[in-house]
Amino acid sequence: MSGEDKKLRIWVDGCFDMMHWGHANAIRQAKKEGHYLVVGVHSDAEILANKGPTVMKEEERYEAVRACKWVDEVVPDAPYVTSLDYMDEYKCDVCIHGDDLVTTPDGKDTYQAIKDAGRFKAVPRTEGVSTTALVRRMLQATQSETSSSDSTSSVVSPYTGVSTFLPSSRRIAQFAEGSHDPKPTDKIVYIDGAFDVFHPGHIALLKKAKELGSYLIVGVFNDDIVSQHKGGNGVWPIMNMYERALGALSCRYVDEVLLNAPWQLSEEIIRNHKISVVVAGNGEDEYAKLTPADWEAHYAAAKKMNVFHTVDSGSKLTTTQVVHRIVANRQQYEERNRKKEAKELSEMNATKAN
């Protein structure tokens, strides 16, 4: 990035439904193009009129974007069709979006006016994840929980079809960019969990945890631990450990992530990482298959060392509730997915034909 580019104010907009690491990666790429990043988030009404129902409510989506560490400013209720006037209102020079085509219901490019003005730049879309793909994962994983017609569509878009994310050190390093070792004066806080389908409930908890110190380490359990403690029925986790770690790394309250965190936190780990506070939330997840003895074993060392602390995040949202929102409206989301995939394939074929 040149010195001139560093002065640019960047505009990004989108739905950011179930804000995931693909969204975060697009935002990360956009921030590298300038010095100040403004993110417009569409309202529920705008998205319903142009795409279909959202899983997360608009205030939840606004909060999720605000918590992303590369975002400088959030604009609620941004228009679905991006206009030059709106960009100018927020003094943005360039609009950044993924290299996939976004259209209105009548097939018009939502960024055409910006492209015509020479103020649009595309960045590579993140492969392996999308909101539609996550919805599909949840629908397929919970197929037995509700009677429904076959949820598998005969058309699969490369943008939204289910795919397996293969972790790379490069991607993890990109998300860890800006991380630093704790200073000698830092008060180090540790919290662990699944952090599956990273959502505003997680964000609220991490924010509260960070307030207890100045450096926050987040331990992310591996897939086997999450599956075991949520019933071992093959549904959980929705996202694998590396995807869940990327979600945590994108959060502005997180300083470091510990992959494959142990269930039984030992005195040795607490001492080696110079942890002053071990935090647990006081919320409950109705799917968790844990006894009081399980929890006691988990935090035994922290309690013995007198560093254990519980916090109330103020949020009642859990990953289970997010999944329940989708399962409760299964047919609606299946139809939304089918339409979106068919539309994307049609647009891709039209582009190839031209």
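Bear in mind the structure is a predicted one, so any value in this text is a computation, not a measurement. (Residues numbered from 1 in each chain as written. Predicted model: local features only at pLDDT ≥ 70, side-chain atom pairs only at ≥ 80, totals over all residues. Heavy atoms only, no water.)

For the chain, the count of helices and strands is 14 helices and ten strands. Partitioning the contacts of the chain with sequence separation of at least 6, the portion at a separation of at least 24 is 80%. For the chain, the exposed surface amounts to about 16400 Å²; the carbon and sulfur share of it is 50%. (Helix = DSSP H or I, 4+ residues; strand = E, 2+ residues; numbered from the N terminus. Contact = heavy atoms within 4.5 Å. Areas by Shrake-Rupley, 256 points an atom, 1.4 Å probe, with all protein chains shown as cover.)

Glancing now at unusual backbone geometry. Despite not being glycine, Met18 has its phi angle at roughly 50 degrees, a positive value. Among the secondary structure elements, Met18 is positioned in the loop between β1 (9-14) and α1 (21-31). Unusually for a residue other than glycine, Val197 sits at a positive phi of about 50 degrees. Relative to the assigned elements, Val197 resides in the loop between β6 (188-193) and α8 (200-210).

With respect to topology, five strands assemble into an open sheet ordered β8-β7-β6-β9-β10, the strand pairing being parallel. Because the sheet does not close on itself, it has two edges, and the strands there are β8 (256-259) and β10 (308-311). Within this sheet the neighbouring strands show an average axis-to-axis angle of 30 degrees, counted without direction. Relative to β10, strand β9 (residues 275-281) runs parallel, the two being bridged by four bridges. Looking at the pairing, Val278 lines up with Phe308 of β10. Strands in contact with helix α10 (residues 241-249) are β7 (215-220) and β8; relative to β8, the strand with the most contacts, it is inclined by about 165 degrees. Together, β6, β9 and β10 form the strand contacts of helix α12 (residues 292-304), whose direction differs from that of β9 by roughly 145 degrees. (Pairing = 2+ DSSP bridges. Axes fitted to C-alpha atoms, helices over the stretch in contact; angles between N-to-C directions.)

Grouped together as the largest cluster of nonpolar side chains are 85 residues, with contacts concentrated most on Met18, Leu206, Val218 and Val278. Counting residues in each nonpolar core, the second largest holds 15 residues, with Tyr80, Met87, Tyr90 and Val102 among its members. (Core = buried A, V, L, I, M, F, W, Y, C linked by side-chain atoms within 4.5 Å. Buried < 20%, exposed > 50% of the residue type's maximum accessible area, 1.4 Å probe, protein only.)

Below, the discussion takes up the packing of α1 against helix α7 (residues 169-176). Contact geometry of α1 with α7 gives a least axis separation of 11 Å together with a crossing angle of 65 degrees. Accordingly, the angle class assigned to the pair α1 and α7 is roughly perpendicular. In the packing of α1 onto α7, the handedness of the crossing is left-handed. Contacts between α1 and α7 involve Trp21, Ala24, Asn25 and Arg28 from the former and Arg171, Gln174 and Phe175 from the latter. Each residue belonging to the contact of α1 with α7 can be placed in one class, and the counts come to three nonpolar, two polar and two charged. (Parallel < 35°, antiparallel > 145°, perpendicular 65-115°, else oblique. Left-handed = near helix turned anticlockwise from the far one by under 90°. Nonpolar A, V, L, I, M, F, W, Y, C, P; charged D, E, K, R; others polar.)

Another aspect to go through is the pattern of salt bridges. Inspection of the entire model under this criterion finds 17 salt bridges. A salt bridge links Asp255 to Lys210; its shortest N-O distance comes to 3.1 Å. Residue Asp255 is found in the loop between α10 and β8, and its partner Lys210 is found in helix α8; the two are separated by 45 residues along the sequence. For the pair formed by Asp255 and Lys210, the shared burial category is buried. Because the salt bridges share partners, they merge into one network encompassing Glu267, Arg271 and Lys304. (Salt bridge = Lys/Arg side-chain N within 4 Å of Asp/Glu carboxyl O.)

A separate point is the packing of aromatic side chains. Following the criterion strictly, the structure yields nine aromatic pairs and no others. The interplanar angle of 5 degrees and the centroid separation of 6.1 Å between the aromatic rings of Trp295 and Tyr299 together place this pair among those described as stacked. Placement of both Trp295 and Tyr299 in helix α12 is noted, with a separation of four residues, approximately one turn of the helix. Residue class for Tyr299 comes out buried when judged on its relative accessible area of 6%. (Phe/Tyr/Trp six-rings, centres within 6.5 Å; stacked < 30°, edge-to-face > 60°.)

A separate point is the packing of α7 against α10. Contact geometry for α7 and α10: axes closest at 9 Å, N-to-C directions at 20 degrees. What the angle tells us is that α7 and α10 run roughly parallel. In terms of crossing hand, the pair formed by α7 and α10 is left-handed. For the pair formed by α7 and α10, the contact residues are Arg171, Ile172, Phe175 and Ala176 on the first element and Tyr242, Leu246 and Leu249 on the second. Partitioned by chemical class, the residues of the contact of α7 with α10 number six nonpolar, no polar and one charged.

Here Arg28 is to be found in helix α1. When near neighbours in sequence (up to four residues on either side) are disregarded, Arg28 contacts Trp70, Arg171, Gln174 and Phe175.

Here we come to the sheet that holds strand β3 (residues 73-76). Spatially, the five strands line up as an open sheet ordered β3-β2-β1-β4-β5, and their pairing is parallel. The outermost strands of the open sheet, each flanked by one partner alone, are β3 and β5 (120-123). Within this sheet the neighbouring strands show an average axis-to-axis angle of 30 degrees, counted without direction. Sheet topology places strand β4 (residues 94-98) next to β5; four bridges connect them, and they run parallel. Looking across to β5, one finds that Cys95 is bridged to Phe120. Across the sheet, α1 lies against β1, β2 (36-41), β4 and β5, angled at about 145 degrees from β2, the strand it touches most. Strands in contact with helix α3 (residues 58-66) are β2 and β3; relative to β3, the strand with the most contacts, it is inclined by about 165 degrees.

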